[in-house]
Amino acid sequence: MCLICKCYDETETLCNCLQTDYHFEYTECDSSGSRWRVAVPNPSVECSGLPDPVKGKECTFSCASGEYLEMKNQVCSKCAEGTYSLGSGIKFDEWDELPAGFSNVATFMDTAVGSAENKADSCNNSSWTPRGNYIESNRDDCTVSLIYAVHLKKSGSVFFEYQYIDNNIFFEFFIQNDQCKEMESTADKWVKLTDNGEWGSHSVTLKSGSNILYWRTTGILMGSKVVKPVLVKNITIEGVAYTSECFPCKPGTFSDKPGSSGCQECPRNTYSEKGAKECIKCKEEIYYADEGSSACIERPPCTSKDFFQIHTPCDKEGKTQIMYKWIEPKICREDLPDALTLPPSGERKDCPPCNPGFYSNASSSCTPCPQGTFSDGTQECRACPAGTEPALGFEYKWWNILPSNMKTSCFNVGNSKCDGMNGWEVAGDHIQSGAGGSDNDYLILNLHIPGFKPPTSVTGATGSELGRITFIFETICSADCVLYFMADINRKNTNVVESWERSKEKQSYTHIISKNASFTFTWAFQRINEGQDSRQFINDMAKIYSITVTNAVDGVSSSCRACALGSEQSGSSCVPCPPGHYIEKETSQCKECPANTFLSIHQVYGREACIPCGPGSKSNKDHSACFSDCTVSYFKDNQSLNYDFSNLSQVGSLMSGPSFTSRGTKFFHFFNISLCGNEGKKMAICTDNITDVTLKDMVAESEDFSNFVGAFVCQSTIIPSDSKGFRTALALQSNSLADRFLGATVETTLENISIKTDLFPPSPSKVPDVHFFYKSSTVTTSCENGRATVVTMRCNPNKPDQGELSVPSSCPAGTCDGCTFYFMWESAEACPLCTEQDYHEIEGACKKGFQETLYVWNEPKHCIKGVPLPEKRTSTCETVDFWLKVGAGVGAFTAVLLIALTCYFWKKNQKLEYKYSKLVMTANSKECELPAADSCAIMEGEDNEEEIVYSNKQSLLGKLKSLATKEKDDHFESVQLKSSRSQNI
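Just so it is clear, the structure is predicted and the values come from calculations on it, not from any experiment. (Residues numbered from 1 in each chain as written. Predicted model: local features only at pLDDT ≥ 70, side-chain atom pairs only at ≥ 80, totals over all residues. Heavy atoms only, no water.)

## Let's talk about the overall build of the chain
Counting its secondary structure elements, the chain contains six helices and 72 strands. Relative to its 985 residues, the chain shows a buried fraction of 45%. Long-range pairs, those at least 24 residues apart, make up 65% of the contacts in the chain between residues at least 6 apart in sequence. Accessible surface, the chain as shown: approximately 51800 Å² in total, 51% of it carbon and sulfur. (Helix = DSSP H or I, 4+ residues; strand = E, 2+ residues; numbered from the N terminus. Buried < 20%, exposed > 50% of the residue type's maximum accessible area, 1.4 Å probe, protein only. Contact = heavy atoms within 4.5 Å. Areas by Shrake-Rupley, 256 points an atom, 1.4 Å probe, with all protein chains shown as cover.)

## Concerning the confidence of the model for the chain
Averaged over the chain, the pLDDT score is 79; the fraction of residues at 70 or greater is 82%. Within the model, the stretch residues 111-116 combines pLDDT values under 50 with ten contacts to residues more than four positions away or in other chains. Every residue in residues 691-705 scores below 50 in pLDDT, and together they form 19 contacts with partners more than four places removed in sequence or on other chains. (pLDDT = per-residue confidence, 0-100.)

## Considering the side chain of His-511
Mapping His-511 onto the fold places it in strand 41 (residues 504-513). Those residues in contact with His-511 that sit more than four places away from it in its chain are Gly-467, Arg-468, Ile-469, Phe-485, Val-497 and Phe-521.

## What about the nonpolar core?
Membership of the largest hydrophobic core comes to 40 residues, with the highest contact counts inside it found for Trp-424, Phe-521, Trp-523 and Ile-547. Counting residues in each nonpolar core, the second largest holds 34 residues, with Leu-654, Leu-737, Phe-741 and Phe-821 among its members. (Core = buried A, V, L, I, M, F, W, Y, C linked by side-chain atoms within 4.5 Å.)

## Examining unusual backbone geometry
The omega angle of the peptide bond from Glu-859 to Pro-860 is -5°, so this bond is cis rather than trans. Mapping Pro-860 onto the fold places it in the loop between strand 69 (850-857) and strand 70 (873-876). Phi is positive for Ser-44, close to 65°, though the residue is something other than glycine. Here Ser-44 lies in the loop between strand 4 (36-41) and strand 5 (54-55). For Ser-44, a relative accessible area of 82% puts it in the exposed group. One non-glycine residue, Cys-630, lies in positive phi territory at about 70°.

## Digging into the sheet that holds strand 70
Taken in spatial order, the three strands make up an open sheet running 68-69-70, and their pairing is antiparallel. With partners counted over all chains shown, the strands left at the sheet margins are strand 68 (839-843) and strand 70, one partner each. Looking at each pair of strands side by side, their axes are set apart by 25° on average, direction ignored. Note that strand 68 and strand 69 share five bridges and pair antiparallel. The residue bridging Ile-842 from the neighbouring strand is Leu-854, located in strand 69. (Pairing = 2+ DSSP bridges. Axes fitted to C-alpha atoms, helices over the stretch in contact; angles between N-to-C directions.)

## Side note on the sheet that holds strand 4
In spatial order, the strands read 3-4-5; together these three strands make up an open sheet with antiparallel pairing. In this open sheet, the two edge strands, each paired with only one partner strand, are strand 3 (22-26) and strand 5. Taken together, the five bridges between strand 3 and strand 4 define a ladder with antiparallel strand orientation. Its bridge partner lying in strand 4, Tyr-26 is registered against Arg-37.

## Some remarks on the pairing of strand 6 (residues 67-70)
Where strand 6 lies against strand 7 (residues 75-78), four bridges are found, and the strand directions are antiparallel. By the bridge assignment for strand 7, Tyr-68 is matched with Ser-77. Here strand 6 folds back onto strand 7, and the loop between the two strands holds four residues, one of which, Gln-74, carries a positive phi near 55°.

## Remarks on a nonpolar patch on the surface
Where nonpolar side chains cluster on the molecular surface, the patch consists of Phe-893, Leu-897 and Leu-901 and spans about 290 Å² of accessible area. Mapped onto the fold, Leu-901 is located in helix 4 (residues 880-928). (Patch = residues over 30% accessible without salt bridge, like charges linked within 9 Å, V, L, I, M, F, W, Y side chains within 5 Å. Salt bridge = Lys/Arg side-chain N within 4 Å of Asp/Glu carboxyl O.)

## Structural notes on the packing of aromatic side chains
Within the structure shown, the criterion is met by 42 aromatic pairs. Taken together, a centroid distance of 6.1 Å and an interplanar angle of 90° make the contact between Phe-471 and Trp-500 edge-to-face. Of this pair, Phe-471 sits in strand 38 (residues 467-476) while Trp-500 sits in strand 40 (residues 494-501); the two residues are 29 residues apart in sequence, bridging distant segments of the chain. Taken as a pair, Phe-471 and Trp-500 share a single burial class, namely buried. Centroid distance Tyr-839 to Tyr-855: 6.0 Å. Interplanar angle 85°. Geometry classified as edge-to-face. Highlighted residues: Tyr-839 in strand 68 and Tyr-855 in strand 69, separated in sequence by 16 residues. Judged by relative accessible area, which is 17%, Tyr-839 ranks as buried. Aromatic rings pair up to connect Phe-92, Trp-95, Phe-102, Trp-128, Tyr-148, Phe-160, Tyr-162, Tyr-164, Phe-171, Phe-173 and Trp-215 into one cluster. If you follow Lys-233 out to its NZ or CZ, it ends over the ring of Trp-199, 4.2 Å from the centre. (Phe/Tyr/Trp six-rings, centres within 6.5 Å; stacked < 30°, edge-to-face > 60°. Lys NZ or Arg CZ within 6 Å of the ring centre and 35° of its normal.)

## Comments concerning the pairing of strand 39 (residues 482-489)
Burial runs high along strand 39: seven of the eight residues are buried. Both strand 39 and strand 42 (residues 519-526) contribute to a ladder of eight bridges, which runs antiparallel. In the sheet register, Leu-483 faces strand 42, and the bridge partner there is Phe-525.

## What about the pattern of salt bridges?
Counted by the stated rule, this structure contains 18 salt bridges. Ionic pairing is found between Arg-216 and Glu-172, a salt bridge with its closest N-O pair at 2.9 Å. Residue Arg-216 is located in strand 17 (residues 209-219), and its partner Glu-172 is located in strand 15 (residues 169-176); the two are separated by 44 residues in the primary sequence. Since its relative accessible area comes to 0%, Glu-172 is described here as buried. Across the pair Arg-268 and Glu-291 runs a salt bridge whose closest N-O atoms are separated by 4.0 Å. One end of the pair, Arg-268, is in the loop between strand 21 (264-265) and strand 22 (270-271); the other, Glu-291, is in the loop between strand 24 (287-288) and strand 25 (297-298), and 23 residues separate them in sequence. Assessed through its relative accessible area of 28%, Arg-268 is described here as partly exposed. Residues participating in the shared-partner salt-bridge network are Arg-131, Glu-136 and Arg-139.

This is how it looks when you write it as structure tokens:
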């Protein structure tokens with residue numbers, strides 16, 4: 001209401017402004033760095049008589065923390081009780097709702113599949129969600145940005161705390177100016193992962209002027225698992241030129257002194273409202289309140305979920321007592337109807353024996369065996385016999401007290417309700433997760449191992465396994481509980497090794513240790529992953545029955561193993577064997593493994609400790625591993641084939657896909673294959689690149705870099721740059737598929753690994769394929785025997801140089817079962833070496849007395865290198881024209897001769913026949929003309945003395961033969977005449 005009015009005319013009256021009708025602001029700074037303080041009417045207020053503008057404080061002026069700028073007098077004043085100030089900054093630590101100035105923008109960046117409009121609609125419900133003490137990111141595969149714009153008069157900074165534990169979600173923080181260009185200060189915009197349950201911090205400098213802050217998350221859902229969200233709290237922005245008012249303390253906190261720069265949390269069983277100067281106590285008999293509460297809560301009746309049992313340490317009589325305790329803090333009442341009371345404690349039971357490697361020294365506790373001795377836990381420690389040494393490690397299978405190298409704790413992201421509680425409780429034959437403060441607590445169990453080393457006798461070994469940790473566990477859950485198993489190397493970064501969701505039957509899990517470093521193993525159990533603080537699933541629990549660690553540096557011994565003795569020693573002192581040496585049983589001396597064998601990590605006693613290398617492989621100098629020199633020989637059916645894959649020894653890469661998630665996100669499977677390695681050294685490298693750190697820098701910085709994988713075959717998941725709107729492609733989920741080479745052969749089976757012949761089309765050539773077999777020591781719940789990899793090398797002359805890598809068309813991820821991976825590598829370099837059987841000779845024409853012989857490859861050619869083609873050969877020869885003439889002449893002469901002979905004998909035959917006929921006729925005529933005969937007839941009783949004998953008449957061919965055998969004798973037909981005259985003659 002106006003108190004003083006001045007009339008301007010009959011229709012309009014404007015009142016003079018009161019101090020409550022306006023507020024003061026500064027104008028924008030001019031080029032000289034000056035500004036003015038002006039009065040600005042409050043919204044929906046119209047008045048006159050505003051104070052005149054006055055010269056303001058310099059643009060870089062700011063008050064100290066705990067003070068604010070009182071604009072009327074332009075002086076800094078202390079904040080009142082119940083409020084606080086950062087001076088030149090603002091802080092956001094209350095997240096019951098989204099603070100003023102913050103906004104959410106959700107998009108689906110992948111435009112590869114489906115309608116972009118439909119995908120954008122599917123992300124309408126994705127946002128950053130306030131959770132009281134923090135704000136939580138989305139859990140799906142949408143891209144959601146939390147945005148805040150601030151204008152700074154001078155340079156400043158932004159600071160926030162966060163939790164980021166799941167690498168299946170990408171978390172970026174970057175800054176843009178008013179031109180939507182990213183600032184140089186956020187060139188490294190990828191936020192680092194944090195350990196499970198721990199808060200990290202991130203700070204970036206800000207330039208004067210407009211700064212638009214982005215907290216952006218993008219989920220990558222490769223399966224049915226939901227990503228763990230990013231949590232952010234305590235966002236503080238420094239560099240604001242002035243603060244014109246103090247901020248009230250949020251509910252559950254208080255400030256009891258003027259000029260405070262922050263507020264304190266209310267103690268347990270007290271509460272406060274917003275802007276409180278002090279906390280108010282609850283009536284503890286009826287109500288309770290956790291630390292930092294804004295109200296008191298009525299205590300419920302006690303149930304079985306409000307207490308638990310423990311076992312006391314063993315007494316001198318070897319007894320333990322079962323004790324029942326209330327879960328602290330106790331929030332229930334025993335005096336209400338249907339409320340339970342605490343069961344009586346003190347029941348005595350026999351203590352379990354000491355764990356192996358420990359002994360009971362007539363006291364209530366178990367003591368580690370002295371160095372050089374061993375015990376199974378039930379007997380006194382004894383010295384190892386001569387020629388043996390203790391097998392160091394830990395084997396925890398009795399849980400009466402928590403071992404000294406283990407600790408337990410409880411952690412909650414949103415509150416400190418369970419701080420100081422035991423996360424796990426010992427229970428005789430197992431250790432189980434505790435009650436915690438609420439269902440979403442992380443119940444944590446830690447085991448610290450300072451280092452690993454192999455037995456003394458194999459000190460020089462450099463095998464891939466230095467030790468292993470094995471534990472037997474089960475989970476009993478009615479909700480969506482999760483048990484995490486994590487490993488931290490050298491206290492740098494904790495990574496999840498494996499996790500199990502919901503109820504799991506009693507089972508064993510083994511993790512291989514391949515690096516001699518300090519390890520902290522962590523088991524974290526969470527009943528539900530929700531923001532509510534409830535105790536509905538208190539009976540859900542995880543149980544661990546035994547934990548076994550081998551080759552631990554500070555371990556104890558439950559048994560002894562053979563060791564090598566010095567040649568001049570008669571005592572029991574062991575000496576280290578040189579690399580690649582086993583212990584000979586008869587003499588306990590070190591003896592080198594034979595050629596092409598490697599020494600087992602688990603057994604160094606006896607000749608059987610040297611394991612033969614597989615086909616196509618040989619051992620390195622220290623017999624710690626077998627490797628391929630990229631040559632393979634094959635002999636069958638009198639056929640010898642030799643392969644040389646040296647030109648394919650460099651790392652080969654394969655990108656298969658694309659594949660798509662259920663929401664349509666495009667991704668590829670990327671593989672690196674080191675076919676032969678470098679004398680056993682694994683050369684294939686896969687890494688996650690979300691930190692924008694180059695591969696070279698990662699290798700040089702630390703071998704413990706968690707996202708760095710070296711193997712014979714490794715795999716990464718690639719998100720292309722066009723899939724999620726990133727400037728570069730992203731690599732994640734890098735893992736090893738093969739860290740041990742087994743052998744190379746044309747056979748389809750090696751060490752229980754069989755090749756499915758129908759995965760790839762048959763080879764068009766008769767050259768047999770060569771298969772490289774690999775094994776991974778990493779054991780997962782789905783691959784109990786570890787992963788296996790087979791790379792099939794196929795001769796293909798049409799694919800020169802590096803050729804082409806492929807995966808089965810029916811299994812685009814390279815595997816059909818997730819455990820065995822298959823690859824086909826086609827190249828001309830995969831053909832066998834050439835031999836004499838791979839070429840043939842061609843003789844040229846004889847020219848001018850010389851003939852050339854050429855050598856050419858058989859077609860199609862299926863060989864490389866090896867035996868070269870022989871040089872062209874020249875030899876003397878007779879020309880074809882000469883022999884042709886000689887042959888023609890001889891043929892013509894032979895024909896004329898045959899014709900002449902034929903005519904000659906035919907004519908002679910005619911003459912003989914003529915003479916014969918004439919002779920016969922003459923003889924007959926003369927005989928009839930004899931005068932002595934009365935008659936030409938033969939008289940009765942008179943013999944016919946004239947007999948004519950005719951020889952057989954020969955054919956023309958017979959006559960020629962006779963002529964050839966008797967050249968001078970004329971062969972005639974003879975006629976024998978018998979008569980009295982002839983006899984007289």
